[in-house]
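Read off the chains here:
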Amino acid sequence: MSIQKTYEEINEKIRRGEAVVLTAEEVSQMALTASPEEIAEKVDVVTTATFGAMCSSGAIVNFGHANPPIRMEKIRLNGVPAYEGLAAVDTYIGATACDPENPKYGGAHVIQDLIEGKDIELEAWGKGTDCYPRKHIKTIINKETVNEMILFNPRNAYQNYNVAVNSTAQMKYTYMGNLLPHMRNATYSTSGELSPLLNDPEMKTIGIGTRIFLGGTQGFVVWPGTQFNTSKPKNEHGVPVSNSATLAVIGNLKEMSSEFLQAAYYEKYGVSLFVGIGIPIPVLNADIAKCVSIRNEQIETTVCDYGVPGTPALGRVNYAQLRSGEIEVQGKKIRTAPVSSLSKARKIADLLKKLIQSGEFEITKPIQMFPTNTSLKSLKEQPPLTPPKEGN
Amino acid sequence: MQKKRYVLKFPPQSGDQPFSYHLVKDFDIRINILRAEVWPGKTGSLVLELEGTSDNLKQGIAYLKENQVSCEPLNKKITWNEKRCISCGNCTAVCFAGALQMDPVNWELQFDSEKCIVCELCVPACPLNLFKIDFRE
C-alpha cells in the first residue's frame, strides 16, 4: 500500500520531536539504495537551501513621523535613493539602488547596515502641505528607531539558472561574475541537488503561504516570483533546463542576520544582495520522495554566451560536471566556478533541519498553489504615444 | 633547495642595475619572473620565484636589501579577509593560476599563496571586496 501523509500528521511528529528530517543532499545519497516508497515511509521532511545573489530584493521601512511631520517626496538613506511614492514615511529600498556618484555602496549595503544595527543617515524632502508642513529633514535612523523593516523580495530562489561563458576577446563584467575572454571560464549559480525549486520541480508542496527560512529567521512565500515561467523545456527527470520558476518572499528584517543576508558589489555591474533561503519539503508520498531524491548528474542546465547579445545557448551540462571543475562546450574544455555559496546553503539546510527536529519550525500547507501555465513576455519597442490633438 | 615567491620593490634610481643577473651569477639562484612593472624614473615592482639553497637565498636577499631593494615574501603582500568570506566562488572564476580554489568537499574557499602570480583579478572579482594586494606601494 502506498504511503500518503498529511501536513498535519507530519506536524504532529515535529511537535513530538519524532519527525525524521534529512537535507536534500542526504536524501539523494539515501536514494542510491532506497526506493521512493521506502524514502516516503522513513523520511518526513527534506530541507533545501540556497545562498546566492538575488538582485530582485529589497526592504519596506516605516520611519515614524517627525514633529512637525513631513510627507517624504524624495528620500536618501546614506545617500542611496529609496522609493518616495508610498505615503508619508513608508519607503521601499531596493537592493540594487545606488547613487551613481558612489556606485559601490547601494541599497543592499543599507539593508545589511540596518540588520547590523548601524546608524543610517536619512535625508528627505517634501513640498510642505497643510497636514505635513515640513519640507526637509536630515536625521539618523537605525533598527531600533524605525517602526517596521520588512524584507520583501519580488523574485528569489530561481528554479535553475544558466551557466555563463564569454566567447569574445574582451573580459565581460556580469552578475554571473567576471567572465574571461575566449571562454576561459564558466560560472554557474544554483546549489544543484540542494536547491529548493529543483527538489519540487512541479511545486506540489511549495506555494503561497509556505513557511520558509529567510535571511536567518522565519519568512513566507507570498506569491509566485516575477518572471515566473513554467513553460521552459524539461529534461527526462522533470527538471527545467534553464531558469524558470521563482518565488516572492517576505520576512521580518529586524530578526534577520547578516550571516544570511550579505550585500555585494559586482565590478562594472552594480550592487546586489546575497540572500539565504531554506525551504522544507514534506515527503507526503513516493512521488515527492522521488523528486527530492534528484542528484546533481540528473539536473541539467544551459550554457549561454554572455558575450553575445541575446545570450545564445551553446550547450547543455549537468551539475555533477559543473562541480567537477571542468565542462566541455562545443568541444572545448572550460574551467568552472560557482558564484553562489554551497557551503552557506549547506549551513542553512542543516540549520533548518535542526529547527524542525527540535519542534521550532513546522511545515505549512500552501494556501494556494502556483499557476502551472505561465510564460514570459519580452519588452517590445513601440512608437511613442502621440498626444491627443487639441480641439478647436 | 628552496622555492619561494617574493615581491621586490626598486627605488627610482636603481633602474640601470642588473640585480637579477647578480642573483643568478653570484648566488646561484634560479629566478622565474612572474610579474614586472618597470617605469623609468619611478619605483619598480617585480614578482619573482626564487629557487636556491637556504644560504644562497639568504645571501641573495641580503644583497638586494643592501642595494635598497625591498624583498618580502609574496604571502605577506596579499590579505584575504577570510572571516567575512562567504565562499561564493567568484574569485575562483578568474584565478587561472589556481591559487584560489573551492575545496571539493566542504566548498569553502582555499587560498594557496604559493600559486599566486599577483595578477590581481581577484580584487575586483570579489563581490565583498575582501582581497587587498600590496604590489606597488
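Described below are features of the structure shown in this document. (Residues numbered from 1 in each chain as written. Chains lettered and ligands numbered in written order. Predicted model: local features only at pLDDT ≥ 70, side-chain atom pairs only at ≥ 80, totals over all residues. Heavy atoms only, no water.)

1. A short note on the overall build of chain A
- Scanning chain A for helices and strands turns up seven helices and 22 strands.
- Considering chain A as a whole, with its 392 residues, one finds that 55% of them fall into the buried category.
- Contacts spanning at least 24 positions in sequence make up 72% of the contacts within chain A whose residues lie at least 6 apart.
- Surface summary for chain A: the accessible area is close to 17,400 Å², and the carbon and sulfur share equals 50%.
- Once the 40 positive and 41 negative side-chain charges of chain A are each reduced to a mean point, those two points are 5 Å apart. (Helix = DSSP H or I, 4+ residues; strand = E, 2+ residues; numbered from the N terminus. Buried < 20%, exposed > 50% of the residue type's maximum accessible area, 1.4 Å probe, protein only. Contact = heavy atoms within 4.5 Å. Areas by Shrake-Rupley, 256 points an atom, 1.4 Å probe, with all protein chains shown as cover. Lys, Arg positive; Asp, Glu negative; His and termini not counted. Charge placed at Lys NZ, Arg CZ, Asp CG, Glu CD.)

2. Quick word on the pairing of strand β16 (residues 247–252) of chain A
All names here are of chain A.
- With five bridges connecting them, strand β9 (residues 148–156) and β16 associate as antiparallel partners. Within β16, the residue paired with N153 across the bridge is V249.
- Taken together, the five bridges between strand β15 (residues 217–224) and β16 define a ladder with antiparallel strand orientation. When the bridges of β16 are listed, V221 appears paired with V249. (Pairing = 2+ DSSP bridges.)

3. Overview of helix α7 (residues 342–357) of chain A
Residue and element names in this part refer to chain A.
- When the terminal C-alpha atoms of α7 are compared, their 22 Å separation across 16 residues agrees well with the 22 Å that a helix rising 1.5 Å per residue should span.
- Of all the residues in α7, the buried ones are L342, S343, K344, A345, I348, A349, L352, K353 and I356.
- Of the residues trailing α7, G359 is marked for its positive phi of about 80 degrees. (Expected span 1.5 Å × (residues − 1).)

4. A few points about the pattern of salt bridges
- Inspection of every chain in the model, using the stated rule, returns 21 salt bridges over all chains.
- In this structure, D44 of chain A and K13 of chain A form a salt bridge, with 3.1 Å as the shortest nitrogen-oxygen distance. Here K13 of chain A lies in helix α1 (residues 7–15) and D44 of chain A lies in the loop between α3 (36–42) and β2 (45–53), a separation of 31 residues in the sequence.
- Residue R35 of chain B pairs with E37 of chain B through a salt bridge whose shortest N-O separation is 2.9 Å. With respect to burial, R35 of chain B and E37 of chain B carry one shared label: buried. (Salt bridge = Lys/Arg side-chain N within 4 Å of Asp/Glu carboxyl O.)

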